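Here is how the chains run, residue by residue.
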Amino acid sequence: VMAVATDPAASMGTFGMSECVDFKWAVLRARATGVPILLLIDSAGTRLTAGLPVQGAIRALLREMLDARLAGVPMLAVIGRYAFGSASMLSFSAITRLYSADTQLAMSGPRVLQAALADETSRDIVLNRINGISRVAVGNADKLVVDDLDAYAQAVYDWVANPITASVTRESLRQERHHLWQRLPGGAQGAVRTIGATTDIVLDGDTLRCVMDRSFGAADALVLAELAESACSNAAINSLTIVVDCPGHSIQLQDEEVILSQYLAHLGLWLRHLVCEGASIRLRVTGTLSGGIYICLAAAASRTELAPGATVRTLPASSLVHIFGNEIQDKTDHASYVEWGVVDSIFPSSHQVDMHADLVCSPEENRASA
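Residues numbered from 1 in each chain as written. Predicted model: local features only at pLDDT ≥ 70, side-chain atom pairs only at ≥ 80, totals over all residues. Heavy atoms only, no water.

Remarks on the packing of aromatic side chains
The relative placement of two aromatic rings is captured by the distance of their centres and the angle of their planes.
Moving on, step 1. Per the counting criterion, the structure on display carries 2 aromatic pairs.
Moving on, step 2. Taking 5.7 Å as the distance between ring centres and 40 degrees as the angle between the ring planes, the aromatic pair formed by F15 and F23 counts as tilted. As far as burial versus exposure is concerned, F15 and F23 are alike and both buried.
Moving on, step 3. With a centroid separation of 5.6 Å and 10 degrees between ring planes, the pair formed by Y82 and F84 is classed as stacked.
Moving on, step 4. Taking the relative accessible area as the measure of exposure, Y82 reaches 14% and is therefore buried. (Phe/Tyr/Trp six-rings, centres within 6.5 Å; stacked < 30°, edge-to-face > 60°. Buried < 20%, exposed > 50% of the residue type's maximum accessible area, 1.4 Å probe, protein only.)

Rendered as structure tokens:
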């Protein structure tokens, strides 16, 4: 077993540059040797004070996690006290998760979720909506264990003795998407209404436009996944451009109640699966993009481009204010975006040097990179 553990005593277990590099090496090693991956996660997510460079590192890490999942590597995520932000997305890249009742998992922390509420909902109510009990009740392929080291250990031993290897196919992804639609208010009927009524996400030939002045929620992830599949199923289309201008992922409690992290991870896996089937998916950021939706799309796409004047941020300004009390100013030099791996090139400059080659899911390249 390849075990990777975060240390909550070190910067709340957050992912900085070196942590991402070590984590990525472990995933590559597990793919090369064929051993299962055991993730011991107790993490507040991305180290926001590290700025945009760590966004590029998280992007590369999540891509390796998605590719490992598509390669059939068994993965178990064991969640400790909390998994927020990118840590929650990495948890849902695994096939199965273990929680205790008091585990907290969400794309946004309780402080941000509570601040976004219009009413006086207490912090305790917010915590009850994102704890391990609620996650196991809502999610699938998850298990609740007693918050005791021996109980956790026994659950891990049981899994190691018979690790789950779930092949990812279009049919299995469609089944998961159906399950995720059913979880939303209105279920399947709501899905039909959402896809038919949305004007924020539109498919026009080989271009999928996601332009919105609101945050990106759970239903949006399913609409985007469905339209991307529809476009790539057209024999005349072998490349898809996703044009995005979106503030960031939702910080609304109703999206967290259905486990927004799982919806974003599902979208990333869908897009990465299409890439591995031979589709060329180009992400083009034309305005603002931040947080989990940036990580999800940029990790899955064949390549990511930044239009002049566009920006990628760690989180929306409002979320940063709730966390730090003030907004962190990210460096916006476009050459640095490419250097850090946040994007692959600047659009439409044809002379821009591509410092990060596309990753194609072929066995030969997988062995070479490992």
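Looking at the pattern of salt bridges
Moving on, step 1. One pass over the full model with this rule turns up 18 salt bridges.
Moving on, step 2. Residue R174 is joined to E229 by a salt bridge in which the shortest nitrogen-to-oxygen separation is 2.7 Å. Of this pair, R174 sits in helix α8 (residues 170–183) while E229 sits in helix α10 (residues 218–232), and the two are 55 residues apart along the sequence.
Moving on, step 3. For R174, a relative accessible area of 34% corresponds to the partly exposed category.
Moving on, step 4. The partner of D220 in a salt bridge is R214, with the nearest N and O atoms 2.8 Å apart.
Moving on, step 5. In this structure D220 comes out as buried when scored by relative accessible area, which is 7%.
Moving on, step 6. Taken together, the shared-partner salt bridges connect E171, R174, R177, E226 and E229 into one network. (Salt bridge = Lys/Arg side-chain N within 4 Å of Asp/Glu carboxyl O. Helix = DSSP H or I, 4+ residues; strand = E, 2+ residues; numbered from the N terminus.)

As for the sheet that holds strand β10 (residues 280–285)
In a beta sheet, neighbouring strands pair by backbone hydrogen bonds and run either parallel or antiparallel.
Moving on, step 1. Strand order across the open sheet formed by 6 strands is β7-β8-β9-β10-β12-β14, with mixed pairing between neighbours. The sheet is open, and its two borders are formed by β7 (201–204) and β14 (345–346), each paired with just one other strand.
Moving on, step 2. In the sheet, β7 pairs with strand β8 (residues 207–211) via 4 bridges, with the strands oriented antiparallel. Among the inter-strand pairings, L203 is bridged to a residue of β8, identified as L208. (Pairing = 2+ DSSP bridges.)

Section: the packing of helix α12 (residues 260–276) against helix α13 (residues 291–300)
Moving on, step 1. For the pair α12 and α13, the least separation of the axes is 8 Å and the interaxial angle reads 15 degrees. Here α12 is positioned roughly parallel relative to α13, judged by the angle of their axes. As α12 packs across α13, the resulting crossing turns out to be right-handed. On α13, the residues touching L264, L267, G268, L271, R272 and V275 of α12 are G292, I293, C296, L297, A299 and A300.
Moving on, step 2. Residue composition of the contact of α12 with α13, by class: 9 nonpolar, 2 polar and 1 charged. (Axes fitted to C-alpha atoms, helices over the stretch in contact; angles between N-to-C directions. Parallel < 35°, antiparallel > 145°, perpendicular 65-115°, else oblique. Left-handed = near helix turned anticlockwise from the far one by under 90°. Contact = heavy atoms within 4.5 Å. Nonpolar A, V, L, I, M, F, W, Y, C, P; charged D, E, K, R; others polar.)

Here's the deal with the environment of V35
Moving on, step 1. Looking at the secondary structure, you find V35 in the loop between α1 (17–33) and β2 (37–43).
Moving on, step 2. On the basis of relative accessible area, V35 is assigned to the partly exposed category, the value being 24%.
Moving on, step 3. Taking C-alpha positions, V35 is 7.7 Å from P74, a pair spaced 39 residues apart along the chain.

Quick notes on a negative patch on the surface
Moving on, step 1. Together, D102, D147, D148 and D150 line one region of the surface with negative charge.
Moving on, step 2. With respect to the element layout, D102 can be found in the loop between β4 (96–99) and β5 (104–106).
Moving on, step 3. You can call D102 exposed: its relative accessible area is 58%. (Patch = residues over 30% accessible without salt bridge, like charges linked within 9 Å, V, L, I, M, F, W, Y side chains within 5 Å. Areas by Shrake-Rupley, 256 points an atom, 1.4 Å probe, with all protein chains shown as cover. Lys, Arg positive; Asp, Glu negative; His and termini not counted. Charge placed at Lys NZ, Arg CZ, Asp CG, Glu CD.)

Section: the nonpolar core
Moving on, step 1. F216 and L267 are the most contacted members of the largest nonpolar core, which totals 93 residues.
Moving on, step 2. If sequence neighbours within four positions are ignored, F216 has contacts with I201, C210, A221, L224, C246, G248, H249, S250, L260, L264, L267 and I293.
Moving on, step 3. Grouped together as the second largest cluster of nonpolar side chains are 9 residues, L38, Y152, A155 and V156 included. (Core = buried A, V, L, I, M, F, W, Y, C linked by side-chain atoms within 4.5 Å.)

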